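Here are the chains, one letter per residue:
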Amino acid sequence: MEMDERKENKIIRINVLQVAMNLGTALGVYLIVFYLLLALAVKHAGLTLLALPMMLGIPVFAWYLIRRYRDSTNIPFFPFPVSWMLSILTFLFATALSCMAAYLYLRFLDHGELAQALMENLSVVMSAQDAAAQQLTDPAQIEQYKQSMDMINQSLTWFCQLPASGKTKYLIQSSLMWGNILSLIIAIITAKRIRLK
């Protein structure tokens, strides 16, 4: 897929797939490091202080990659459709790379340690929340609180019982959904219009 853009009677070709693969590889490596840090943060709570800023840095890093490419081409305009397609494909390739690494980790290296750490953290949170629930006096609030905690417990138990492929499918769906949302925002920010003189 190539986009042609005219610049003073010159045709500028942007191979969107090739560029997206290169940018997606860089973003995918960033996501792999983030997923690894997140898995370690489940086991060691202190690493959460590093995982949270890294999670918030995902859209910033993706924006930086797209903007850096836009600026390196030195073309007078970078239309929204090109920017959007480049952003979507960058997130697609990054998701493919990072989720493949996540699957390999869950399938061959984890051996259920992540699920066990999640369940241990859930039991700690549930015991702390039960102590907090004893402070409530309104029966409706107590019932609503218990229902929400049961739903969290069931959801996390269901997730932990999934095989590596099931967890990876869930991660792919989540990554693609957020990638599509973020790519629209990044495309709006990085698009460069023609300036009429």
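For the structure itself, look to the data block above.
Q: For this particular structure, what's the right way to read the nonpolar core?
A: Note that soluble globular proteins tend to have their nonpolar side chains buried in a common cluster. In this structure, Ile14, Leu23, Leu27, Tyr69, Phe78, Leu86 and Phe91 are the most contacted members of the largest nonpolar core, which totals 28 residues. Where this core is concerned, the elements lending two or more residues are helix H1 (16-43), helix H2 (48-73), helix H3 (80-110) and helix H6 (164-190). Among the elements that make up this core, the one with the highest residue count is H1 (11 residues). Counting residues in each nonpolar core, the second largest holds 11 residues, with Val42, Cys160, Leu162 and Ala164 among its members.

Q: Teacher, can you tell me more about the environment of Glu120 here?
A: Position of Glu120 relative to the elements: it lies in helix H4 (residues 113-133). A residue is classified by how much of its surface remains accessible, and Glu120, at 45% relative accessible area, is partly exposed.

Q: For this particular structure, what's the right way to read the packing of H4 against helix H5 (residues 139-161)?
A: Geometrically, a packed helix pair is captured by the angle between its two axes and the distance between the axes. Two numbers describe how H4 lies on H5: the axes approach to 10 Å, and their chain directions differ by 175°. The angle between H4 and H5 falls in the class roughly antiparallel. Contacts from Ala115, Leu118, Met119, Leu122, Met126, Gln129, Asp130 and Ala133 of H4 reach H5 at Tyr145, Met149, Ile152, Asn153, Leu156, Thr157, Phe159 and Cys160. Split by residue class, the contact of H4 with H5 holds 12 nonpolar, 3 polar and 1 charged.

Q: Looking at this structure, I do not really get the packing of H1 against H3. What am I missing?
A: At their nearest, the axes of H1 and H3 sit 6 Å apart, and the two run at 40° to each other. Taken together, the axis directions place H1 and H3 in an arrangement best described as oblique. As H1 packs across H3, the resulting crossing turns out to be right-handed. Classifying every residue of the contact of H1 with H3 by side-chain character gives 21 nonpolar, 5 polar and 2 charged.

Q: I keep staring at the side chain of Thr168 and nothing clicks. Help me out?
A: Structurally, Thr168 can be placed in helix H6. With relative accessibility at 8%, the residue Thr168 sits in the buried group. In this structure the side chain of Thr168 is engaged in a polar contact, spanning 2.7 Å, whose partner is the backbone oxygen of Ala164.

Q: Got a minute to help me understand unusual backbone geometry in this structure?
A: Keep in mind that most residues, glycine aside, have a negative phi and that most peptide bonds are trans. The phi dihedral of His111 is positive, around 55°, even though this residue is not glycine. Inspection of the secondary structure assignment puts His111 in the loop between H3 and H4. Of the residues examined, His111 reaches a relative accessible area of 65% and is grouped as exposed.

Q: I tried to follow the pattern of salt bridges on my own but got confused; where do I start?
A: Two side chains bearing opposite charge may form a pair once their charged atoms approach each other closely. In this structure the tally under the stated criterion is 3 salt bridges. Ionic pairing is found between Arg67 and Asp71, a salt bridge with its closest N-O pair at 3.8 Å. Taken as a pair, Arg67 and Asp71 lie in helix H2 at a separation of 4 residues, close to a single helical turn. For Asp71, a relative accessible area of 35% puts it in the partly exposed group.

Q: Would you take a moment to explain the packing of aromatic side chains for this structure?
A: Two aromatic rings, taken as a pair, are described by how far apart their centres are and by the angle between their planes. Scanning the entire structure with this criterion turns up 6 aromatic pairs. Consider the rings of Tyr30 and Phe61, whose centres lie 4.9 Å apart with planes at 15°: the pair is stacked. Linking Tyr30 in helix H1 with Phe61 in helix H2, this pair joins segments that are 31 residues apart in sequence. Tyr30 sits in the buried class, given a relative accessible area of 17%. Given the relative accessible area of 24%, Phe61 is considered partly exposed. On the numbers, 6.3 Å between centres and 80° between planes, the contact of Trp158 with Tyr170 is edge-to-face. Of this pair, Trp158 sits in helix H5 while Tyr170 is found in helix H6, placing the two residues 12 residues apart along the sequence. These aromatic residues form a ring-pair network of at least three members: Trp158, Phe159 and Tyr170.

Definitions and limits used
- Residues numbered from 1 in each chain as written.
- Predicted model: local features only at pLDDT ≥ 70, side-chain atom pairs only at ≥ 80, totals over all residues.
- Heavy atoms only, no water.
- Core = buried A, V, L, I, M, F, W, Y, C linked by side-chain atoms within 4.5 Å.
- Buried < 20%, exposed > 50% of the residue type's maximum accessible area, 1.4 Å probe, protein only.
- Helix = DSSP H or I, 4+ residues; strand = E, 2+ residues; numbered from the N terminus.
- Axes fitted to C-alpha atoms, helices over the stretch in contact; angles between N-to-C directions.
- Parallel < 35°, antiparallel > 145°, perpendicular 65-115°, else oblique.
- Contact = heavy atoms within 4.5 Å.
- Nonpolar A, V, L, I, M, F, W, Y, C, P; charged D, E, K, R; others polar.
- Left-handed = near helix turned anticlockwise from the far one by under 90°.
- Polar contact = N/O pair within 3.5 Å; in protein donor to acceptor, adjacent residues only side chain to side chain.
- Salt bridge = Lys/Arg side-chain N within 4 Å of Asp/Glu carboxyl O.
- Phe/Tyr/Trp six-rings, centres within 6.5 Å; stacked < 30°, edge-to-face > 60°.

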